[in-house]
Amino acid sequence: MWCNWKLNDYPNSIVYADKVLGLSNLEDVTKIEALRIKGLSLRETRDYDNAIAILRECNESTKSIKGAEVKYFVAEILFEQGNNEECELEIMELVNQKPSYDYWIAKGILLLGENFIVLEDYYNARSSLQSVIDNYQGKDDVEIKQRAQDRMDYIDALESKSQDKSGDGIEELELNNN
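J.: Where do I start with the environment of Arg-36 in this structure?
T.: Along the chain, Arg-36 turns up in helix H3 (residues 28-44). Spatially, the C-alpha atom of Arg-36 lies 7.6 Å from that of Ile-54, the residues being 18 residues apart in sequence. In contact with Arg-36, not counting residues within four places along its chain, are Trp-2, Leu-55, Cys-58, Lys-66, Glu-69 and Val-70.

As structure tokens, then:
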């Protein structure tokens, strides 16, 4: 299972995760890891509906960092599917999950900002992204903060483009006096 995952052989990761899950007297840690590998492999093969089901099962089985990770990936799949409201709800659950894991919360809030951008809710997108810039200190903080800043710059460009198109509402007419 693990070797196939590390080799990006997702179909075989799924096969071997199923074999592990079929074992009797499976320890919780092993079950959680098999569900995680299977769910993430299903995601990689774009079998999103099954991936969501397996990842949710994994999240319900643990409150560890792996649970937070799979919760994030459920939200990401929902975002990719265009299920923006459900994505937002999933991220809110991630943020409120106890115990919390700052890295996955920061990634979730970045995704929430992306979600708001798609919905053209630039105010909430900015608020989400700015909260990451101002508050996140942890794993890959420079990279995560830079991603948030890049998205803020993207919003600026979108708003600038929108203002350029709308102009000031005054049209100029050329008059020929012939």
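Read on for the rest.
J.: Can you help me understand H3 in this one?
T.: An α-helical segment advances 3.6 residues per turn. Residues three or four places apart therefore align on the same side. Between its terminal C-alpha atoms H3 stretches 24 Å, which fits the 24 Å expected from 17 residues at 1.5 Å a residue. In terms of residue burial, H3 counts as a mostly covered element, since twelve of its 17 residues are buried. Taken together, the buried positions of H3 are Ile-32, Glu-33, Ala-34, Leu-35, Arg-36, Ile-37, Lys-38, Gly-39, Leu-40, Ser-41, Leu-42 and Arg-43. Those residues of H3 that are buried are in contact with helix H1 (2-6), helix H2 (10-21), helix H4 (48-61) and helix H5 (65-80). Positioned one or two residues after H3, Arg-46 has a phi angle of 65°, which is positive.

J.: Which parts of the structure should I look at to understand the packing of helix H6 (residues 84-96) against helix H7 (residues 102-118)?
T.: In a pair of packed helices, the angle between the axes and the distance between the axes together describe the arrangement. Orientation of H6 relative to H7, taken along the N-to-C sense of each, is 155°, at an axis distance of 10 Å. Classified by the angle their axes make, H6 and H7 are roughly antiparallel. Seen from above, H6 lies across H7 with left-handed handedness. Contact residues: H6 offers Asn-84, Cys-87, Glu-88, Ile-91, Met-92, Leu-94 and Val-95, while H7 offers Trp-104, Ile-105, Gly-108, Ile-109, Leu-111, Leu-112, Asn-115, Phe-116 and Val-118. For the contact of H6 with H7, the class distribution of residues is twelve nonpolar, three polar and one charged.

Rules of the game
- Residues numbered from 1 in each chain as written.
- Predicted model: local features only at pLDDT ≥ 70, side-chain atom pairs only at ≥ 80, totals over all residues.
- Heavy atoms only, no water.
- Helix = DSSP H or I, 4+ residues; strand = E, 2+ residues; numbered from the N terminus.
- Contact = heavy atoms within 4.5 Å.
- Expected span 1.5 Å × (residues − 1).
- Buried < 20%, exposed > 50% of the residue type's maximum accessible area, 1.4 Å probe, protein only.
- Axes fitted to C-alpha atoms, helices over the stretch in contact; angles between N-to-C directions.
- Parallel < 35°, antiparallel > 145°, perpendicular 65-115°, else oblique.
- Left-handed = near helix turned anticlockwise from the far one by under 90°.
- Nonpolar A, V, L, I, M, F, W, Y, C, P; charged D, E, K, R; others polar.

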